[in-house]
Amino acid sequence: MRFDPGSGETAAELLDRLEEREIADLLFGMGERRSRAIAWRIVGRRPLRTTGDLRAAVIAAVGPRRGRIDPATRTFLAVRSAVNREPQVLAAALHEAPGRLRREGVLAVISYHSGEDRPVKHAFRRLAEEPRFELGTRRPIRPDEDESGANRRSRSACLRILRRIEDAPGEIVRPDGDGR
């Protein structure tokens, strides 16, 4: 589940290290309604060594698939996000990127779940209150039925756009685009 398999903590190490409550909080933060039951099963089945072990723990907690989406999807998403420090990386990028935009520059961010989209939405709205930025779209751009049909993974994508419309008073924009 790591983007860089050569560095950082593995999913198995993370799930072995965290307490049951911490696992439940991690899962709940990604929208998993049965987070406590899943966390209890994960702790009871330690050590988990494969994604199959993790999926089996989730299935034991919530039961088999009832719809189109596998019951372990949110759990895998939450664990992958934690292992790769995705919330921290996204927060740092949202802090840094707007300051690097030149006048009339555009920052576009595609998110694939609400845990990613929420901080993007809030950061863009906060920046749009400043006179030098504006929202490129009021609502996120979503894939149409044709694109979702051709590319199932696109079905949850949200594109948000922020534009820099002017320089801040007294700001000197260097040729490399760094506005600080």
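Here the structure is shown first, and the text comes after it.
These lines cover the structure that appears in this document, whether it is placed above or below. What you are looking at is a predicted structure, and each value in this text was computed from that prediction instead of being measured.

Glancing now at the nonpolar core. By size, the foremost hydrophobic cluster in this structure holds 22 residues, and its most contacted members are L15, I23, I38, I42, L54 and V79. At the level of secondary structure, the elements contributing two or more residues to this core comprise helix 1 (11-17), helix 2 (20-28), helix 3 (35-44), helix 4 (51-62) and helix 5 (73-83). Broken down by element, this core gets its largest block of residues, five residues, from helix 4. Apart from residues lying up to four places away in sequence, I38 is in contact with L27, E32, V58, A61, V62 and T75. Ranked by size, the runner-up nonpolar core spans ten residues in total, among them L101, V109, F124 and L162.

Relative to the helices and strands, S154 resides in the loop between helix 8 (145-150) and strand 3 (158-164). Classification of S154 by relative accessible area gives buried; the value is 6%. A distance of 3.5 Å separates a polar side-chain atom of S154 from the backbone oxygen of E147. Once residues lying within four places of it in the same chain are set aside, the contact partners of S154 are P143, E147 and S148.

There is a patch of like negative charges on the surface, built from D144, E145, D146 and E147. Mapping D144 onto the fold places it in the loop between strand 2 (133-135) and helix 8.

The subject of this paragraph is helix 7 (residues 114-128). The end-to-end C-alpha distance of helix 7 is 20 Å, a good match for the 21 Å that 15 residues give at a rise of 1.5 Å each. Every buried residue belonging to helix 7 is among E116, D117, V120, A123, F124 and L127, and all of these are buried. Buried residues of helix 7, seen end-on, are gathered within an arc of 140° and therefore sit on one face of the element. As for helix 7, its buried residues are in contact with helix 5, helix 6 (86-100), strand 1 (106-111), strand 2 and strand 3.

This paragraph deals with unusual backbone geometry. Residue P47 follows R46 across a cis peptide bond; omega there is -5°. Mapped onto the elements, P47 comes out in the loop between helix 3 and helix 4. In this model, R85 sits at a positive phi of 55°, which is unusual for a non-glycine residue. Positionally, R85 belongs in the loop between helix 5 and helix 6. For E104, which is not glycine, the phi dihedral falls at a positive 70°. As for its position among the elements, E104 is in the loop between helix 6 and strand 1. The exposure class assigned to E104 is exposed, which follows from its relative accessible area of 64%.

Rules behind the numbers
- Residues numbered from 1 in each chain as written.
- Predicted model: local features only at pLDDT ≥ 70, side-chain atom pairs only at ≥ 80, totals over all residues.
- Heavy atoms only, no water.
- Core = buried A, V, L, I, M, F, W, Y, C linked by side-chain atoms within 4.5 Å.
- Buried < 20%, exposed > 50% of the residue type's maximum accessible area, 1.4 Å probe, protein only.
- Helix = DSSP H or I, 4+ residues; strand = E, 2+ residues; numbered from the N terminus.
- Contact = heavy atoms within 4.5 Å.
- Polar contact = N/O pair within 3.5 Å; in protein donor to acceptor, adjacent residues only side chain to side chain.
- Patch = residues over 30% accessible without salt bridge, like charges linked within 9 Å, V, L, I, M, F, W, Y side chains within 5 Å.
- Areas by Shrake-Rupley, 256 points an atom, 1.4 Å probe, with all protein chains shown as cover.
- Salt bridge = Lys/Arg side-chain N within 4 Å of Asp/Glu carboxyl O.
- Lys, Arg positive; Asp, Glu negative; His and termini not counted.
- Charge placed at Lys NZ, Arg CZ, Asp CG, Glu CD.
- Expected span 1.5 Å × (residues − 1).
- Arc of directions from axis to C-beta.

Note that every value here comes from positions in space, so none of it alone points to a role or purpose.
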